[in-house]
Amino acid sequence: MSSANRNPNALPVYVQIAELLIRDIAAGRLISGERLPPERELAADLNVSVGTLRKSLAELEKKGMLERIQGSGNYVRETGTQNSVYGMFRLELPEGGGLPRADILSVDHVKKPIDLPDFGASDSGSRVRRMRYLNDTIIAVEEIWLDDAAGRIDQSLLSDSLYRYYQHQLGFWITRAEDRVAIGALPDWTPPEFTKPAGETVGYIERFSWSERPEPVEFSKTWFDPDRATYVQRLK
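Residues numbered from 1 in each chain as written. Predicted model: local features only at pLDDT ≥ 70, side-chain atom pairs only at ≥ 80, totals over all residues. Heavy atoms only, no water.

Just to check I follow, could you spell out the pattern of salt bridges for this structure?
Between side chains of opposite charge, pairing is possible as soon as their charged atoms come close. Across all of its chains, the model carries 19 salt bridges by this definition. K112 is the salt-bridge partner of D147, the closest N and O atoms lying 2.6 Å from each other. You can see D147 sitting in strand β6 (residues 137-147) and its partner K112 sitting in the loop between β4 (100-111) and β5 (124-134), a full 35 residues away along the chain. On the accessibility criterion, K112 (17% relative accessible area) is buried. A salt bridge links D225 to K196, with the shortest nitrogen-to-oxygen separation between them at 3.8 Å. Of this pair, D225 sits in the loop between β9 (218-224) and β10 (230-231) while K196 sits in the loop between β7 (176-185) and β8 (201-210), and the two are 29 residues apart along the sequence. One network of salt bridges, with partners in common, ties together E39, R54, E61 and R68. (Salt bridge = Lys/Arg side-chain N within 4 Å of Asp/Glu carboxyl O. Helix = DSSP H or I, 4+ residues; strand = E, 2+ residues; numbered from the N terminus. Buried < 20%, exposed > 50% of the residue type's maximum accessible area, 1.4 Å probe, protein only.)

Structure below.
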């Protein structure tokens with residue numbers, strides 16, 4: 001967990017641990033009915049205190065994904081990832097799972113360019129550009145547009161999870177999304193430390209996202225390195 005802690009705007013550590021376990025459950029690395037290792041052992045493996053781990057396990061218990069049996073241990077109860085911060089993050093390491101985090105490259109409030117697909121109720125929005133990681137592995141760059149009618153993004157308050165920001169700072173939750181997966185050329189603003197240079201063809205995802213409004217409130221573009229990450233959509 002040390003890499004995520006370098007980000008001053010990272011999610012609280014207990015939330016990071018909870019989300020990591022949720023993604024391991026979704027990826028099948030932890031299966032329903034499986035007993036987790038003893039808390040002290042698991043905390044040591046994750047490099048956190050037992051107290052932090054217990055807060056994480058309490059989050060899973062609230063989501064119905066963990067059963068804590070006195071005198072026996074903690075057991076996985078796979079029921080989906082509803083209200084998970086990263087429940088809609090579809091990129092995983094080739095072996096499954098991985099904790100998402102992000103480096104914010106820029107946040108700008110601008111008019112929507114004419115080549116941007118139609119979404120939202122405003123002609124302007126917040127544009128966020130980020131480089132994404134799973135654990136310590138660079139996997140993607142992304143550009144996210146939030147319609148101004150849904151609220152403006154303040155970079156000083158932004159954490160690794162935009163969806164958590166929407167919930168806690170703007171008062172709405174993304175309830176559904178539509179992905180279109182293809183290939184595309186990396187944009188000209190791709191950071192030099194990314195795994196491939198600008199212009200190279202990689203995996204590409206366009207996403208429209210909805211809250212309670214009839215029109216999408218968010219549109220995003222993600223370019224990912226297929227050598228380092230896989231797009232996974234599970235049907236249940």
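There's more to say after this.
What is the right way to look at empty space enclosed by the protein in this model?
Summary: where empty space remains is shown by rolling a probe the size of a single water molecule over the atoms. Per the counting criterion, the structure on display carries 1 cavity of 30 Å³ or more. Of the voids in this model, the largest cavity is the one considered here, and its volume is about 340 Å³. Lining the largest cavity are 22 residues, and of these F89, R132, E142, Y163 and R207 sit closest to its centre. Counting residues per element, the ones that place at least two in the lining of the largest cavity are β5, β6, α5 (162-170), β8 and β9. Of the residues contributing to the lining of the largest cavity, the split by class is 10 nonpolar, 4 polar and 8 charged. (1 Å grid on protein atoms, 1.4 Å probe; cavity = no way out; pocket = protein on both sides within 12 Å on 5 of 7 lines; lining within 4 Å. Points joined across faces, edges and corners; volume = space filled by probe spheres on them. Nonpolar A, V, L, I, M, F, W, Y, C, P; charged D, E, K, R; others polar.)

Honestly, helix α4 (residues 50-62) in this entry has me stumped. Any pointers?
Quick reminder: α-helices carry 3.6 residues per turn. Residues three or four places apart thus point the same way. For α4, built from 13 residues, the straight-helix expectation of 18 Å at 1.5 Å per residue is met to within 8% by its first-to-last C-alpha distance of 18 Å. Where α4 is concerned, the buried positions are V50, L53, S56, L57 and L60. The buried residues of α4 all sit within an arc of 120° when viewed along its axis, so they share a single face. G64, located one to two residues past α4, shows a positive phi value of around 75°. (Expected span 1.5 Å × (residues − 1). Arc of directions from axis to C-beta.)

Just to check I follow, could you spell out the sheet that holds β4 for this structure?
Strand pairing in a sheet takes place through backbone hydrogen bonds and is either antiparallel or parallel in direction. Here we have 6 strands laid out as an open sheet, ordered β4-β5-β6-β9-β8-β7, and antiparallel in their pairing. A strand with exactly one partner marks an edge of an open sheet, and here the two such strands are β4 and β7. Put simply, the sheet's adjacent strands are angled 20° from each other on average, direction ignored. The strands touched by α5 within the sheet are β5, β6, β8 and β9, with β6 carrying the most contacts at an inclination of about 35°. (Pairing = 2+ DSSP bridges. Axes fitted to C-alpha atoms, helices over the stretch in contact; angles between N-to-C directions. Contact = heavy atoms within 4.5 Å.)

Function cannot be read off these values alone, since they describe shape.
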